[in-house]
Amino acid sequence: MITVKQLTRTLSAQRSTQLARLVPGGVNSPFRSFHEVGGHTIFFSKAQGSRLFDIDGNTYLDYLGAWGPAILGHSHPAIVAACQDALAHGPVFGAPHELELELATRMVEYIESLEQVRFVNSGTEAVMSAVRLARGATGRSKLVILEGCYHGHSDSVLASSRHQSSLGIPQPSADQSFLIEFNNAHALAECFQSWGDEIAAVLMEPVAGSMCVIPPEAGYLQEVRRLCTKYGALLIFDEVLTGCRIRLGGAQELYGVKPDLSCFGKALGGGMPIGAYGGPEAIMRNLFPVGRVYQAGTFSGNPVTMAGGIEILRLLSEPGIFTELERKSARFFAGLWQAIEQTKVPVRLQRAGSMFSIVFSGQPVKNFSDSLAVDTKAYARFFHYLLDRGIYMPPTAVDAACLSAAHTNEEIDFTIDICRQAFEDVRI
Ligand SMILES: Cc1ncc(COP(=O)(O)O)c(C=O)c1O
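Please read all numbers here as calculations on a predicted model, not as lab measurements.

Participant: Kindly report on the site of the ligand, identifying the contributing residues and their values.
Facilitator: If you check the shell around the ligand, you find Ser 122, Gly 123, Thr 124, Tyr 150, His 151, Gly 152, Glu 205, Asp 238, Val 240 and Lys 266 and nothing else. The fraction of the free accessible surface of the ligand (390 Å²) that becomes covered by protein chains is 84%. Looking at the shell around the ligand residue by residue, the class counts come to two nonpolar, five polar and three charged.

If you want it as structure tokens, here you go:
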């Protein structure tokens, strides 16, 4: 039986103020800040399974999932053991080792579109490198990006996200990108008609995750694939969030569309900082030292991260894991949906596998402009209502929340119950 306790967070509030004096905004990644929902950030001391533990002694049921990585919950014992073992042998060699071979072998085995892969340290690095590779391989410079998709914070791709107003991006870099609406194949076709022979690649999240979870409409990914092939542009799927989460082989496995290049990160590391990008050998051989597209990294493919990746792929490849995750997600959503219908709040649910959004909007979110209509103030009230009862959701109204295999039925039912109360009490 899960009970609701009164939570105080005095120490977190102090630490939050202290850190903000030393680190801008008190966060090393702006997503983490509470600027959208208000209040102090929480300082955590431990993450285990479906739970987060803060420095004031409070426990939270976690639906942030560390922004994606924690698909099996936090600190899975087998992953921790594998990483500890690798660490004991040396955290970085600056030279090849067998764990890289094993993880690359597994990835190529599980993800059909990959013949070769390069490991890097984050999703940002993976996408940035894949875009350079696409430009180098095609000899073209223009990039199509889809409004509202987030691909990390490198110059060429930030314009697609809701952080497009960032200063510091040189105009010539921004001028190389076309921004097209997500789920709008017609707009993409028009762009190709005008610029077809200059477009190096279409970069997209196959399921959008940063403007609410938005699955692709039926036939959309197939049409994007067809247009890219027709105009000789590469299709890059950013599967940093969806890879190893929607299916072991990512969204490309679920929707049956084969990109030319794919980017991974988050869940692939089992909690360790990872990024990876890959595709057919014919494209990947453009990378230095075989070809002339340069990309490098001191910590890329380090043994501890590779050990985390191998272990998570081993665990995720066990039969039934994605069926079980789907069952839990369906249970969660059926309960939430019932709560919404009972309380008659203008809230929608959008999900793809175990990534989901509780959307405070009267209309479905299908693209970036729809996401601007989300009631962020109502979400902030909902967020704090849950937080005060020991449930941690993303501190932004539109970023994907994540369920993990570690969540129990009891925890899911408890969450549904608290959400129902929130819908009633918060005057959403
Ligand atoms: C789809 C997608 N691509 C790229 C990134 C960037 O990854 P990282 O934060 O590891 O640099 C993210 C992170 O949220 C993401 O969701």
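Participant: Describe the domain arrangement of the protein, and please don't skip the residues or the numbers.
Facilitator: For the protein, the assigned domains read domain 1 (10-75 + 320-425) and domain 2 (77-316). A separation of 25 Å is found between the C-alpha centroids of domain 1 and domain 2. Taken together, the contact between domain 1 and domain 2 spans 33 residues of the former and 34 residues of the latter. The contact between domain 1 and domain 2 buries some 2,700 Å² in all, and 65% of this surface belongs to carbon and sulfur atoms. Along the contact surface separating domain 1 from domain 2 lie zero salt bridges. Seen at the junction of domain 1 and domain 2, the total is eleven residue pairs in polar contact (both at pLDDT 80 or more). Of all elements in the fold, only helix H11 (321-343), strand S11 (348-352), strand S12 (355-359) and helix H12 (368-371) reach the threshold of two or more residues within the side of domain 1 that touches domain 2. The dominant element in the side of domain 1 that touches domain 2, judged by the number of residues it contributes, is S12, at four residues. Class assignment of the residues belonging to the side of domain 1 that touches domain 2 gives a composition of 20 nonpolar, nine polar and four charged.

Participant: Break down helix H14 (residues 409-425) for me, citing the residues and quoting the values.
Facilitator: An ideal rise of 1.5 Å per residue puts 24 Å on 17 residues; H14 measures up with 24 Å between its terminal C-alpha atoms. Every buried residue belonging to H14 is among Glu 411, Ile 412, Phe 414, Thr 415, Ile 416, Ile 418, Cys 419, Arg 420, Ala 422 and Phe 423, and all of these are buried. Where H14 is buried, its residues touch strand S2 (51-54), strand S3 (59-62), H11, S12, helix H13 (376-387) and strand S13 (391-392).

Participant: Account for the sheet that holds strand S7 (residues 199-204), with residues named and values stated.
Facilitator: Taken in spatial order, the seven strands line up as S4-S10-S9-S8-S7-S5-S6 in an open sheet, and their pairing is mixed. Whereas interior strands pair on both sides, the edge strands pair on one side only; in this sheet they are strand S4 (116-120) and strand S6 (177-180). Direction aside, neighbouring strands of the sheet carry axes that sit 20 degrees apart on average. Note: strand S5 (residues 142-146) against S7, four bridges, orientation parallel. In the sheet register, Leu 143 faces S7, and the bridge partner there is Ala 201. The sheet contacts of helix H3 (residues 98-110) involve S4, strand S9 (261-264) and strand S10 (275-279), and relative to S4 the element is tilted by about 125 degrees.

The rules behind these values
- Residues numbered from 1 in each chain as written.
- Predicted model: local features only at pLDDT ≥ 70, side-chain atom pairs only at ≥ 80, totals over all residues.
- Heavy atoms only, no water.
- Near = heavy atom within 4 Å.
- Areas by Shrake-Rupley, 256 points an atom, 1.4 Å probe, with all protein chains shown as cover.
- Nonpolar A, V, L, I, M, F, W, Y, C, P; charged D, E, K, R; others polar.
- Domains from an automatic or database assignment.
- Contact = heavy atoms within 4.5 Å.
- Buried area = accessible area lost by both parts, 1.4 Å probe.
- Salt bridge = Lys/Arg side-chain N within 4 Å of Asp/Glu carboxyl O.
- Polar contact = N/O pair within 3.5 Å; in protein donor to acceptor, adjacent residues only side chain to side chain.
- Helix = DSSP H or I, 4+ residues; strand = E, 2+ residues; numbered from the N terminus.
- Expected span 1.5 Å × (residues − 1).
- Buried < 20%, exposed > 50% of the residue type's maximum accessible area, 1.4 Å probe, protein only.
- Pairing = 2+ DSSP bridges.
- Axes fitted to C-alpha atoms, helices over the stretch in contact; angles between N-to-C directions.

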